[in-house]
Structure formats: C-alpha cells, structure tokens
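Chain by chain, the residues:
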Amino acid sequence: MPLSPSILSVLSEDLLVRVYGFLDPPCRKKWRLVSKEFHRVDSLSRTSIRILRVEFLPALLSNYPHLSSLDLSVCPKLDDDVVLRLASYGAVSIKSLNLSRATALRARGLETLARLCRGLERVDVSHCWGFGDREAAALSVAAGLREVRLDKCLSLSDVGLARIVLGCSNLSKISLKWCMEISDLGIDLLCKKCKDLKSLDVSYLKITNDSIRSIALLPKLEVLEMVNCPLVDDDGLQYLENGCPSLQEIDVTRCERVSLSGVVSIVRGHPDLQHLKASHCVSEVSLSFLHNIKALKHLKTLWIDGARVSDSSLLTLSSSCRPLTDIGVSKCVGVTDIGITGLARNCINLKTLNLACCGFVTDAAISAVAQSCRNLETLKLESCHMITEKGLQSLGCYSKHLQELDLTDCYGVNDRGLEYISKCSNLLRLKLGLCTNISDKGMFHIGSKCSKLLELDLYRCGGFGDDGLAAISRGCKSLNRLIISYCGELTDTGVEQIRQLEHLSHLELRGLKNITGAGLAAVACGCKKLDYLDLKKCENIDDSGFWALAYFARNLRQINLCYCSVSDTALCMLMSNLSRVQDVDLVNLNRVTVEGSEFALRACCNRLKKLKLFAPLRFLLSSELLEMLHARGCRIRWD
C-alpha cells in the first residue's frame, strides 16, 4: 500500500521559513533533522554560527551561504596557518566576526581574514594577548569596519590605534577597555578622525582630562563608558557639560577623582540623559544633585552605589524620576525601609533594584517593592541580613515576573522562605550562597516549581545534602550553571544525579571531599555540554573519574584540577583527549611528576590560552615547551 504524502509537503518554502523564524536555537537543531526539506530551509535561513572546531569551517560556509555572523572565539586551534588555508575557498559575505581570545592569531592571519570578509563591519578581538600594533595595521585593511572591540589587547599602543582610525574612519563603536598602552594622543586622534562615533569605552585607561576634552567634541556620541579612569577628575567632566550633545548614557563608576560636582556638571548639560552610572564616586546625594536631576525627564537607569543617601533624599529622587526602571543603591549608608518604600511607590515601573549590603532594609521594604513594582525582574539583596521569610512571602505573591534573585549571605533565609520564592515560576537565576539555614526541604520546593531555572548558586550551603540536589536535578532540567562548592554534606549519591542536567555547561564542585571517581564519572557521562568544571580540592577523586572525564567530556574548555589526586597517566590522557580545552589550572598536584606535567602540556600546547602552574615548575619544565606555549599566545600564571 503506497504511503500517503506528508501534510508538510503542501507547505510552501516561504511558510516553512516563517515557521523557522519563530523557533529558538535548541528547536532549530531538531528542526533540521526532520527531513531534507527542513534541512534545506535551515541552510538557507541561518545567518549566524558559532564554530567549535575550525576544521569544519569550510564545509559549514558552503552549507550556509547566507551567513553574516561568524563566531570563532571558542576554536582552540585557530592560527595564521588555518586562516591561510581557509583563504583558498574564496571570499565570504561575513559582516560580523568574533575572534575573542584567538591568542595564536597574528598580523598575517588577521589581514587574510580582513581581505576574505569583504563586507566586514564588526570585529571582536578582545582578550587577544598578542594583538599589538602590527595586528592593528592588518585589521585596518577592512575599511568598512563600523564596530571594533579591543578589550584587554595589552600590546596595542597609540600607533596601532592610529592605523585602525586612519583605515576605518567610519567607526561608530569602539571599545578600548584595559588597553593600558593607549594614551591621550591616541584618543585625540580617534576623536578627530571618527566623527560618527556613537559608542566609546575607555574604561581602566590612564587617560587624563585632555582625552575628555577631545571626546566632548564628538557630535553623535550616545554612550560613554569610562569606568575606573584614575586620572580623570571633575574638571575633565566639565568639558562634557557643553559637549557630546547626543549623549544618552555615561558610566563613571569608580573614577576615584570624580566627585559629586563632576556628576552634577554632566547632569546639568544633558537633559535627555537616560542612563547615569556613578557608583562609588559620589560620596553623598546632595541638594544640588537632587535639584539638577529633576531635569532628567527620561532617566531610566541610576547607579549611586556606595553613596550616603538619606530617606528624604531617596524620596525626593524617586518623586522626580518616576520613569526609572533600574536603580542601584548597594552599600549606600543611610538606606532604610522608609526610603525604599517611597522609592517603590513612586517608581512603579522598576525592573532592576540593587540593595546589596543595605543592612537596615527589612521585610517591610521588600513587601512594599513587591506590591508596588509588579514588573520587577531583578532584585539583588546580598548581605541584607534582616530579610526573612516574611519579605520573601510578598515576593512569591506579587513578583510574578521576577527572573533574577540574589540572596547571597542572607542568613535569615530558610526553607519556608524558599517555599515562597518557588512561587516565582519565571525565575531564571537564583543565588543562595552562604545561606546556612536551608535544607533538603527548601531544595524540594525550588526543584518542584522553578522548572525554568538556568543558574543556581549554592556556594557553602552546608545544610542541604544528596536528597536536595536530587530534587534540583529532577525538576530544573534547564539548568546550565550550578555552583555547589564546599557543600560538605554532598556525596556521590547526590552528585550522580547531576547527570540528568543535559544542558549543564558550568559546574563548580570545589571542596567536595566526599565525592569519588564514581560521582565524577556519572557527571561526565550525562553532562555532555559541560565546558567549565572546577574540581579544586576534590581530593578523593581517583583516576577512574578522570578517565571518564577524558572520554565523555569532549566539550570542556576550562578546568581547575588544583589539589586533586590525579596521576601522570590520567593527566596526560585528560590533556590529550580534551581537544577543546583552553584554560587549565594545575597547581599542587602531588601525584604528578615533572615528567608527567611535561608530557601533559605537550599534548595540548597547541590549543592552550591560559595556564596556571606551580611556581617551582618554572625552572623544571623544558625551555622548549615554555617557548612553544608563549609562541601560541598562552599566558602562564605561576602560583
């Protein structure tokens, strides 16, 4: 009897493409396995891809002809030779290229990529330790660049920045965070040549007021990030008062020479400012500040963490800035229930509230926030020791949109409190570190009702054990980040249940002395997506666990084995088999010899980017190996 045609066969390609557009990434993976037609729709519709193994790149570029965004940041073996081989396949239509942490890529490879991707508009080379002036000159070949991210390119100087600026004059966004060799000279040239800049990040640079004077001349600048610029003071910020007419967002957090006077000058000159971040530089919220901030009718974000704030000041502030959706008052002296209650009643559209280390805030304030701010999504209450189950009850009743809750070091949180929190069914991130009064009972509530949870932090929560962890593993199937370090009651029985978390990518088991190789083997077998694993001070894991890890955990990129009982053989097998590992901590491995360390490092030296080793090994490992690691762009920290 002939098979009847599938109902899907009557759907046109246009309809299938529209359906495909509504799917999230995990569903799209399943979609392309259904049929050849579905696979073809996926091939024609996909515009972005993240490559894990660079050897598959030519085939993927061929299969997905409409790719515009390519992420190579997790490819462990990306270097100039690989790029030169790719060039033989011809030009590609990539507009966005992520090369973050591609430490082995040098000028020759970068220039090849820039010429290969003719329509390139966005490049990220952040955390590339070897990126210097020659590499900047190579990148400048891509004249159409509009966005460049250069965070922590420590070898980049004003000369290299000048090459990028002169070659890519249409830049609209650039980030120079932690580029410590950049000075006023480079910033001045950038501002003169790139008049279309809309976003600029100069955080942590040792620039002076002269740079701020140059920045103030940018007519289209909308976002200025200058966190922890130690040489900029109030005089520098005064240049901004009459400059940057399009400015909408500024961050002067931890600029130690900036005071309230400088912040006021920014406020005074930009009535359309929407985001003001001045944490840990404003000592006190004064009448002058309150008077000027009234003019900011569109202010949505205000961070004044670390300032002295009275209840009356907070009430005046909130009544003047009713559109606020994000406010940070962590570590603010003087914050009490009166001020927070007034804030909640005035700013009913709040989505993010940071009250960390506000020790005088009690359940009354949290109840007021929960009842008034029904759209609250993020609430940070770290070290608010007066919060108890009563405040959490209000959150459970009214905060139905809550996605992130930080209760770290809130020792008033107990099992009843977790029962109330579990009613926040949209919770995605929950931090309970150092909450010592919770037990398995509380974990049952979280596991049974918070099925959408993505991140859970239980650092040093010594009151819960195997049954609680099993409940979390059964109920929170979407977890991708789990921290259970120093939870001393946990054994193999509980840890083995983690294997049910198929989406888990980040796992911290530090200091769990009761787990053995059997527990680790179960985790390795079940959590195939694991890319970060912390096993520091897990002293009772034997080689059987490490063998299983070497065989099953092929996606691991970062691992901490400090103080573990791994042997020479197991370590060599790990470093050889984990083909994507890039960041390894290997301090105080008592069962590993110098020869074992040498062999293990040789097995993975062509893909390591960061390495932490026991200090005496600096004089015991071969100079050839160390030179090889350095040539590949690996940064070694000797501990």
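Calculation rules
- Residues numbered from 1 in each chain as written.
- Predicted model: local features only at pLDDT ≥ 70, side-chain atom pairs only at ≥ 80, totals over all residues.
- Heavy atoms only, no water.
- Helix = DSSP H or I, 4+ residues; strand = E, 2+ residues; numbered from the N terminus.
- Rg over C-alpha atoms; globule rule 2.2 N^0.38 Å.
- Buried < 20%, exposed > 50% of the residue type's maximum accessible area, 1.4 Å probe, protein only.
- Contact = heavy atoms within 4.5 Å.
- Areas by Shrake-Rupley, 256 points an atom, 1.4 Å probe, with all protein chains shown as cover.
- Lys, Arg positive; Asp, Glu negative; His and termini not counted.
- Charge placed at Lys NZ, Arg CZ, Asp CG, Glu CD.
- Domains from an automatic or database assignment.
- Buried area = accessible area lost by both parts, 1.4 Å probe.
- Polar contact = N/O pair within 3.5 Å; in protein donor to acceptor, adjacent residues only side chain to side chain.
- Salt bridge = Lys/Arg side-chain N within 4 Å of Asp/Glu carboxyl O.
- Axes fitted to C-alpha atoms, helices over the stretch in contact; angles between N-to-C directions.
- Parallel < 35°, antiparallel > 145°, perpendicular 65-115°, else oblique.
- Nonpolar A, V, L, I, M, F, W, Y, C, P; charged D, E, K, R; others polar.
- Phe/Tyr/Trp six-rings, centres within 6.5 Å; stacked < 30°, edge-to-face > 60°.
- 1 Å grid on protein atoms, 1.4 Å probe; cavity = no way out; pocket = protein on both sides within 12 Å on 5 of 7 lines; lining within 4 Å.
- Points joined across faces, edges and corners; volume = space filled by probe spheres on them.
- Pairing = 2+ DSSP bridges.
- Right-handed = clockwise from strand over helix to strand, strands pointing away.

Asks: How would you sum up the overall build of the chain? Please name residues and give values.
Replies: When helices and strands are counted, the chain shows 26 helices and 24 strands. Scaling as 2.2 N^0.38, a compact globule of 639 residues should have a C-alpha radius of gyration of about 26 Å, and the chain matches this with 27 Å. Projected onto its principal axes, the C-alpha positions of the chain cover 75 × 70 × 65 Å. Here the chain, with 639 residues, has 54% of them falling under the buried criterion. Residue pairs in contact within the chain that sit at least 24 positions apart in sequence constitute 75% of those at least 6 positions apart. When the accessible surface of the chain is summed, it comes to about 27,100 Å², and 50% of that surface belongs to carbon and sulfur atoms. Treating the 80 positive side-chain charges of the chain as one cloud and the 71 negative ones as another, the clouds have centres 4 Å apart.

Asks: An account of the domain arrangement of the chain is requested, with residue identities and associated values reported.
Replies: Domains assigned within the chain are domain 1 (7–19 + 22–35 + 37–41), domain 2 (46–182), domain 3 (195–299) and domain 4 (491–638). The C-alpha-based centres of domain 2 and domain 3 are spaced at 31 Å. Taken together, the 11 residues of domain 2 in the interface contact 11 residues of domain 3. For the pair domain 2 and domain 3, the summed buried surface comes to about 1,100 Å²; carbon and sulfur atoms form 60% of the total.

Asks: An account of the side chain of Thr 341 is needed here, citing residue identities and associated values.
Replies: Tracing the backbone through its elements, the reader meets Thr 341 in helix α15 (residues 337–346). Polar side-chain contacts of Thr 341 include one of 2.7 Å to the backbone oxygen of Asp 337. Apart from residues lying up to four places away in sequence, Thr 341 is in contact with Ala 365 and Ala 368.

Asks: An account of the pattern of salt bridges is needed here, citing residue identities and associated values.
Replies: Counted according to the given criterion, the structure contains 23 salt bridges. A salt bridge links Arg 50 to Asp 71, with the nearest nitrogen and oxygen atoms 3.7 Å apart. Of this pair, Arg 50 sits in strand β1 (residues 48–50) while Asp 71 sits in strand β2 (residues 69–71); the two residues are 21 residues apart in sequence, bridging distant segments of the chain. Relative accessible area serves as the criterion here: at 17%, Asp 71 is assigned to the buried category. In this structure, the salt-bridge partner of Lys 612 is Asp 639, at a minimum N-O distance of 3.5 Å. Remark: Asp 639 occurs in the segment after β24 (635–638) and Lys 612 occurs in strand β23 (residues 610–613); sequence separation between them is 27 residues.

Asks: Explain the packing of helix α19 (residues 440–449) against helix α20 (residues 466–475) residue by residue, including any values.
Replies: Following both chains from N to C, one finds α19 and α20 inclined at 0°, their axes separated by 8 Å at the closest point. With respect to each other, α19 and α20 are oriented roughly parallel. Contacts from Asp 440, Met 443, Phe 444, Ile 446 and Gly 447 of α19 reach α20 at Asp 467, Gly 468, Ala 471, Ile 472, Arg 474 and Gly 475. A breakdown of the residues in the contact of α19 with α20 according to their chemical character gives 5 nonpolar, 3 polar and 3 charged.

Asks: Kindly report on the packing of aromatic side chains, identifying the contributing residues and their values.
Replies: Under the definition given, this model contains 3 aromatic pairs. Pairing Trp 178 with Tyr 204 gives two aromatic rings, centres 4.2 Å apart and planes at 10°, and the pair type is stacked. You can see Trp 178 sitting in the loop between β6 (173–175) and α9 (184–193) and its partner Tyr 204 sitting in the loop between β7 (199–201) and α10 (209–215), a full 26 residues away along the chain. The class of Trp 178 is partly exposed, set by a relative accessible area of 33%. Judged by its relative accessible area of 24%, Tyr 204 is partly exposed. Both rings, one in Tyr 551 and one in Phe 552, keep their centres 4.8 Å apart while their planes meet at 85°; by these two values the pair is edge-to-face. With a relative accessible area of 54%, Tyr 551 lands in the exposed category. For Phe 552, a relative accessible area of 28% translates into the label partly exposed.

Asks: How would you explain empty space enclosed by the protein if you had to name every residue and give the values?
Replies: A full pass over the atoms with the stated rule returns 2 cavities of 30 Å³ or more. There is about 60 Å³ of room inside the largest cavity. Together, Leu 99, Ala 102, Thr 103, Leu 105, Leu 110, Val 125, Cys 128, Gly 130, Phe 131 and Glu 135 line the largest cavity. Considered class by class, the residues forming the lining of the largest cavity number 7 nonpolar, 2 polar and 1 charged. Computed from the structure, the second largest cavity encloses a volume of approximately 40 Å³. Surrounding the second largest cavity, Pro 76, Lys 77, Leu 78, Thr 103, Ala 104, Asn 606, Arg 607, Leu 608, Lys 609 and Arg 632 form its lining.

Asks: I'd love a proper account of helix α11 (residues 234–241), names of residues and values included.
Replies: Since one α-helical turn is 3.6 residues long, residues separated by three or four positions face the same way. Buried residues of α11: Asp 234, Gly 236, Leu 237, Leu 240 and Glu 241, and no others. Buried-residue contacts for α11 involve α10, β8 (223–225), β9 (249–251) and α12 (260–269). One side-chain oxygen at the N-terminal end of α11 lies 3.0 Å from the backbone nitrogen of Asp 235; it belongs to Asp 233.

Asks: Would you mind going over the pairing of β24 in detail, with residue names and values included?
Replies: Successive residues of a regular strand alternate their side chains across the two faces of the sheet. Strand direction decides the pairing type here: β23 and β24, joined by 4 bridges, are parallel. Looking across to β24, one finds that Lys 610 is bridged to Arg 635. Note on the crossover from β23 through helix α26 (residues 623–631) to β24: the handedness is right-handed.

Asks: Now, about the side chain of Ser 485: what can you tell me, with residues and values included?
Replies: Summarising the element assignment, Ser 485 is placed in the loop between β18 (481–483) and α21 (492–495). A residue is classified by how much of its surface remains accessible, and Ser 485, at 2% relative accessible area, is buried. If sequence neighbours within four positions are ignored, Ser 485 has contacts with Leu 458, Tyr 459, Arg 460, Glu 508, Leu 509, Arg 510 and Leu 512.

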